[in-house]
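Observations on the three-dimensional arrangement
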Amino acid sequence: MTNKMHHLSWHDGVELLDVQLQGHPFGKHSHDAYAIGIMEHGTGGNVYRGERQVLPEKTLSLMNPDELHDGFSISESLKYKMIYVSEKSMRALLGINVLHGFREYAAHDTDGTTAISLNRVHTLLEQKDHVGWRLAVDSEITTMLEAVMSRHSKIDLRKKGKEPRAVSIIKNYLNDLTLTASRGSGSPPGESVTLEALAQLVDLNQNYLLNVFSQHVGISPYAYWMSRRIGAAKKLVAQGWSLSSVAQELGFYDQAHFTRAFKKAIGVTPGQLVRHP
């Protein structure tokens, strides 16, 4: 594999690391951000808070900003993923003013949700040219951070209300984008759609909007938008459009991305859609 660090420039301090290493590559250092990691394969370790810590596979590594530590591989090799989130970005993404540090340095990823979320984010970042990828990335990151901070820190999240008007505005906005693209506008829909932009549209913080929308609709704004785009794609394919043209018009990463998304939603590939005159 190729070790990689993703820097999300639209945030003030959010980075994701995907590495495989051996030995003792990191001397004593600290981060100016919360650091959340998952040990994917092998056993890692560090000296943190004055003690030598052992981090087996499927363990979460939880570090607060500005806490000194080192890092090493106890097993022959170690593969892990990390996300670094500054205090400013943590407040913005979760919509909270007061942050508390992690109570523990390590925890078991009991249901695998953190590992799944980090893998999804990395997959999305590798397909960054498709429409809505920033909305999908921020939605996945926000959901993961809420889960981790709720379990391992003390955060005070705003209680979810009904907010039917906000949900309706977002649905109509995403429907209009899809409708415009399906009419052959010549450019993919909503290249600037982000979770932050949707939240500003209805004057809510990002995490609150994500929770409210998902509670009302059953899926996230990105998943809702994807379902509408698949519906529009089905009509265009039935009208005789080429698969490459549909993929481009509706803003998929490429034809393979479009085919996978179509099959996941419909159960058949676009090429298996039979047109009857």
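Refer to the structure printed above.
Residues numbered from 1 in each chain as written. Predicted model: local features only at pLDDT ≥ 70, side-chain atom pairs only at ≥ 80, totals over all residues. Heavy atoms only, no water.

**Regarding helix 1 (residues 87-94)**
Because an α-helix packs 3.6 residues into every turn, residues spaced three or four apart end up facing the same way. Of all the positions in helix 1, only Ser 89, Met 90, Leu 93 and Leu 94 are classed as buried. Looking straight down helix 1, one finds that the buried residues subtend no more than 115 degrees of arc, so they occupy a single side. Buried positions along helix 1 lie against strand 2 (14-21), strand 4 (34-41), strand 9 (78-85), helix 3 (133-152) and helix 6 (206-217). Gly 95, located one to two residues past helix 1, shows a positive phi value of around 70 degrees. (Buried < 20%, exposed > 50% of the residue type's maximum accessible area, 1.4 Å probe, protein only. Helix = DSSP H or I, 4+ residues; strand = E, 2+ residues; numbered from the N terminus. Arc of directions from axis to C-beta. Contact = heavy atoms within 4.5 Å.)

**A closer look at the sheet that holds strand 1 (residues 4-7)**
Hydrogen bonds along the backbone pair up the strands of a sheet, which may run parallel or antiparallel. Across the sheet, 6 strands lie side by side as 1-2-9-4-7-10; this open sheet has antiparallel pairing. One side of each edge strand has no neighbouring strand; the edge strands of this open sheet are strand 1 and strand 10 (106-108). On average, each strand axis in the sheet is inclined to that of its neighbour by 15 degrees, with strand direction left out of account. Relative to strand 10, strand 7 (residues 59-63) runs antiparallel, the two sharing 3 bridges. Considered in strand 10, the bridge of Leu 60 is made with Ala 107. The sheet strands contacting helix 1 are strand 2, strand 4 and strand 9, and the helix crosses strand 9 at an angle near 80 degrees. Lying on the sheet, helix 2 (residues 113-126) is in contact with strand 1, strand 2, strand 4, strand 7 and strand 9; it crosses strand 2 at an angle near 100 degrees. (Pairing = 2+ DSSP bridges. Axes fitted to C-alpha atoms, helices over the stretch in contact; angles between N-to-C directions.)

**Considerations on the environment of Leu 99**
With respect to the helices and strands, Leu 99 occurs in the loop between helix 1 and strand 10. The spacing of Leu 99 and Ile 155 is 56 residues in sequence and 6.4 Å in space, taken between C-alpha atoms.

**So, the nonpolar core**
With 65 residues, the main nonpolar core has Ile 83, Val 137, Ile 141 and Leu 145 as its most contacted residues. In this structure, Ile 83 is in contact with Val 14, Glu 15, Leu 16, Tyr 34, Ala 35, Ile 36, Leu 118, Ile 141 and Met 144, ignoring residues within four places of it in sequence. The next biggest cluster of nonpolar side chains, apart from the first, holds 14 residues, and it includes Leu 55, Met 82, Tyr 84 and Ala 106. (Core = buried A, V, L, I, M, F, W, Y, C linked by side-chain atoms within 4.5 Å.)

**Examining the pattern of salt bridges**
For the structure on display, the rule yields 9 salt bridges. For Asp 18, the salt bridge goes to Lys 79, with nearest N and O atoms at 3.5 Å. Of the two residues, Asp 18 is situated in strand 2 and Lys 79 in strand 9; the sequence distance between them amounts to 61 residues. Comparing Asp 18 with Lys 79 shows no difference in burial state: the two are buried. The salt bridge partner of Asp 111 is Arg 151, with a shortest N-O separation of 2.8 Å. With Asp 111 in the loop between strand 10 and helix 2 and Arg 151 in helix 3, this residue pair connects regions lying 40 residues apart in the sequence. Residue classification places Arg 151 among the partly exposed residues on the basis of a relative accessible area of 38%. Each of the salt bridges in this network shares a partner with another, and the network as a whole consists of Asp 18, Glu 40, Lys 79 and Lys 81. (Salt bridge = Lys/Arg side-chain N within 4 Å of Asp/Glu carboxyl O.)

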